[in-house]
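# Working through the structure, step by step
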Amino acid sequence: MDMPPPPLPHYPTIPLYLFYTPHTLTNPHPPLLTHTIDLRMGTVLSFYPLHNREVTSELSREWLRPSALPWEQPLFAIKEYFGEKVGLYFTFMAHYTKWLTFPAALGLPVQLYTWATNDYGTVVLPIYAFVVSMWAITMLEFWKREESMTALKWGMVGYEDTERDRPDFKGKMIKSYIDGKKIKYFPTAQRNMLITVSSIAITLAICIVIGIVSVIYVLRYMVLPESSAQTIASICNSVQIQITNLLYSMLANALTEMENYRTETEFEDSMIMKLFSFQFINSYASFFFLAFIAEAFVGGCGGGENSCVKSLAINLAIIFGTRLAIGNLLELGLPFSYRKLATLIHGKKNIFLQYELNLVKPETEYLLEQYDVLQCSLVDYADVAIQFGYMSMFVVALPIASAFALFANAVEVKGDAWKLLNVFQRPVMKGAEDIGKWQDIFTFLSVAAVVTNAGLAVFTMDTFDNFSDSVRMWMFICFQYVCFMLQGLIMAVVPDEPEERVIQLKRTEFIVDKIIDKVSCVCVCVFVCVCMCDI
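As a starting point, this report considers the structure included with it.

Reading the values: the criteria
- Residues numbered from 1 in each chain as written.
- Predicted model: local features only at pLDDT ≥ 70, side-chain atom pairs only at ≥ 80, totals over all residues.
- Heavy atoms only, no water.
- Helix = DSSP H or I, 4+ residues; strand = E, 2+ residues; numbered from the N terminus.
- Buried < 20%, exposed > 50% of the residue type's maximum accessible area, 1.4 Å probe, protein only.
- Contact = heavy atoms within 4.5 Å.
- Areas by Shrake-Rupley, 256 points an atom, 1.4 Å probe, with all protein chains shown as cover.
- 1 Å grid on protein atoms, 1.4 Å probe; cavity = no way out; pocket = protein on both sides within 12 Å on 5 of 7 lines; lining within 4 Å.
- Points joined across faces, edges and corners; volume = space filled by probe spheres on them.
- Nonpolar A, V, L, I, M, F, W, Y, C, P; charged D, E, K, R; others polar.
- Phe/Tyr/Trp six-rings, centres within 6.5 Å; stacked < 30°, edge-to-face > 60°.
- Lys NZ or Arg CZ within 6 Å of the ring centre and 35° of its normal.
- Salt bridge = Lys/Arg side-chain N within 4 Å of Asp/Glu carboxyl O.
- Pairing = 2+ DSSP bridges.
- Expected span 1.5 Å × (residues − 1).
- Axes fitted to C-alpha atoms, helices over the stretch in contact; angles between N-to-C directions.
- Parallel < 35°, antiparallel > 145°, perpendicular 65-115°, else oblique.
- Left-handed = near helix turned anticlockwise from the far one by under 90°.
- Core = buried A, V, L, I, M, F, W, Y, C linked by side-chain atoms within 4.5 Å.
- Patch = residues over 30% accessible without salt bridge, like charges linked within 9 Å, V, L, I, M, F, W, Y side chains within 5 Å.

## Focus: the overall build of the protein
- Across its full length, the protein carries 16 helices and four strands.
- The buried share among the 535 residues of the protein stands at 46%.
- Contacts in the protein between residues at least 24 apart in sequence constitute 80% of all its contacts with a sequence separation of at least 6.
- Split by element, the accessible area of the protein, about 26500 Å² in all, is 66% carbon and sulfur.

## So, empty space enclosed by the protein
- Counted by the stated rule, this structure contains one cavity of 30 Å³ or more.
- When its volume is computed, the largest cavity comes out at roughly 50 Å³.
- Mapped by element, the contributors of at least two residues to the lining of the largest cavity are helix 4 (84-117) and helix 11 (373-393).
- Ranked by residues supplied to the lining of the largest cavity, first place goes to helix 4 with four residues.
- Of the residues in the lining of the largest cavity, the class split is five nonpolar, one polar and two charged.

## Describing the packing of aromatic side chains
- All told, the structure shown has 34 aromatic pairs when counted by the stated rule.
- Centre to centre, the rings of F280 and Y284 are 5.1 Å apart; their planes meet at 80 degrees, and the pair counts as edge-to-face. Taken as a pair, F280 and Y284 lie in helix 8 (residues 264-298) at a separation of four residues, close to a single helical turn. One exposure class covers both F280 and Y284, and it is buried.
- Its end group placed over the ring of Y221, R220 keeps NZ or CZ at 4.5 Å from the ring centre.
- Taking NZ or CZ as reference, R426 lies 3.6 Å from the ring centre of Y81, over its face.

## Thoughts on unusual backbone geometry
- Positioned with a positive phi, N118 is a non-glycine residue whose angle comes to about 55 degrees.
- Among the secondary structure elements, N118 is positioned in the loop between helix 4 and helix 5 (124-153).
- Residue N118 is classed as partly exposed on the basis of its relative accessible area of 49%.
- Of note in this structure, N260 is not a glycine but carries a positive phi near 60 degrees.
- Along the chain, N260 falls in the loop between helix 7 (229-259) and helix 8.

## Observations concerning the pattern of salt bridges
- Within this structure, the stated rule accounts for 14 salt bridges.
- The salt bridge involving E259 is made with K274; its shortest N-O contact spans 2.9 Å. Here K274 lies in helix 8 and E259 lies in helix 7, a separation of 15 residues in the sequence. No difference in accessibility class separates E259 from K274, as the two residues are buried.
- Across the pair D469 and R472 runs a salt bridge, and its minimum N-O distance is 3.7 Å. In this pair, D469 and R472 are both assigned in helix 14 (residues 469-493), three residues apart and thus about one turn of the helix distant.

## Section: the environment of V131
- Positionally, V131 belongs in helix 5.
- Setting aside residues no more than four positions away along its own chain, V131 makes contact with F102 and L106.

## Focus: the pairing of strand 3 (residues 172-175)
- Two elements, strand 3 and strand 4 (residues 182-185), share four bridges in a ladder whose sense is antiparallel. By the bridge assignment, K175 is partnered in strand 4 with K182.
- Following strand 3, the chain reverses through six residues before pairing antiparallel with strand 4; G180 in that reversal takes a positive phi of roughly 80 degrees.

## Quick notes on the environment of W135
- The residue W135 is located in helix 5 in this model.
- The exposure class of W135 is buried, given its relative accessible area of 4%.
- When near neighbours in sequence (up to four residues on either side) are disregarded, W135 contacts Y96, W99, L100, F102, P103, F388 and M391.

## Observations regarding helix 5
- Spanning 30 residues, helix 5 covers 43 Å between terminal C-alpha atoms, matching the ideal 44 Å at 1.5 Å per step.
- In terms of residue burial, helix 5 counts as a mostly covered element, since 22 of its 30 residues are buried.

## Looking at the packing of helix 11 against helix 12 (residues 401-422)
- The N-to-C vectors of helix 11 and helix 12 enclose an angle of 165 degrees; their axes lie 9 Å apart at closest approach. On the basis of their axis angle, the class for helix 11 and helix 12 is roughly antiparallel. Of the two elements, helix 11 crosses helix 12, and the hand of that crossing is left-handed. Residues D380, Q387 and M391 of helix 11 pack against A401, S402, A405, A408, N409, E412 and D416 of helix 12.

## Concerning the side chain of S176
- Mapped onto the secondary structure, S176 falls in the loop between strand 3 and strand 4.
- S176 sits in the buried class, given a relative accessible area of 13%.
- Sequence-distant contacts of S176, defined by excluding residues within four places in its chain, comprise K181 and I183.

## A few points about the nonpolar core
- Counting 99 residues, the largest nonpolar core has W63, Y96 and W438 as the members making the most contacts within it.
- The leading source of residues in this core is helix 8, at 13 residues.
- Residue contacts for W63: discarding those within four places in its chain leaves Q73, P74, I78, F82, F90, V413, K414, A417, L420 and L421.
- Core analysis: the second largest hydrophobic core is formed by six residues, I137, V450, I490 and V494 among them.

## Overview of a nonpolar patch on the surface
- A cluster of nonpolar residues, V215, V218, L219, M222 and V223, forms a patch on the protein surface that exposes about 500 Å² of accessible area.
- Note that M222 resides in helix 6 (residues 188-222).
- Judged by relative accessible area, which is 68%, M222 ranks as exposed.

Okay, structure coming up:
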């Protein structure tokens, strides 16, 4: 299998501008770009590469084409223009969305049958949940293969091993215990103490969220009218989820900064665990209550047979829909409004100052929103992970959730593309070898989906009510372990790395070793030819 060596990381030459306010201004009415200029006269305000509008126009034609499906994105061109980290996110979205077509196509007729018969206890639902559980782990295993090949093609293999310290990393300069070089050192014991403080703060935040959800459902049972109780509770819960997620993200960032991690990968992994541990409880607390607590401790959800499954379906539909609507409003509506307002205030003809601004290109792009690659990727992956949980963990209640996820991803990809090309400053490129801890989180959700759907099918639905409690418990256990064994089998059968990647890496290692061995006596370029002939 003849493959060329993997390319080195490619970063095209990009003009970077330190945009500053000049000390001397001859214009009696200087351009009012932002309030920061007035506050920090003469200081550096921003550091960013300029957009190449010829390239963005070409990207827009292909990327934003209405007929282009989410898995038909120009991924290599995206990577070349925005960097590997941004490119890898869109590569994952293309893979995930393409795979969603199967459960979406299967879930639509199942949902139509459930609605037509009004039978939320049909045995078809547990079968569909089983299929989705197997689909989820298979999708993730094939993503590992695509991710590894993408890292090879983009020259990102081993990127994390050579990662530099974060600029914000603080430490005492000491001699390395390994090679004697001077390095920054931050005591592990001190970081562990800070992690403990963060854990306490996160636990308190989770307790507050559980308290808020409890209040919503106390009002649902005690105050709200029965006919619309679940709908109103779901709307309140969806709004609460959006607000608390936004507030908590600021807390999580502050706590992670306080923990003072050396590399960006360590910082990102810590942020991922903080975000997900909170958002898991915040996003799914009401679902677990309706699925497993209401029936046993509150006496049901009202409305006759399978009332809690119906309430769960209403909750999932409203929260999923609200999340999609509010998310797009915040992600697309606000940036679009900001851009229009900035154009109005800072455009070529300033209607307030009535004089020509004559902004040059760096000044014009300074008006665009800044794009923080790390923070934006965290938010994007967190949204996708929570959505993945909605459509897999409670699929028994709403099989059409897979179709919702497919539609949401199509909107998300187009929206993110439009923002990157038109609303944001061009980000400074950042490399990425893989999606990091998000892979573990998606796997965790796939395993959790087995447990939740087994519990819903056996205990919440009335499908198996004719059996005794002991028989149902054995059914619950057997369903789980059959699924777990099959998931484990899929993970064992599907290799994480394609054979061609393994061969290519070994071949590259062989050639590099030969070059290093002969470099003192043979010209490198001549020896490469000799090596290739030997091979």
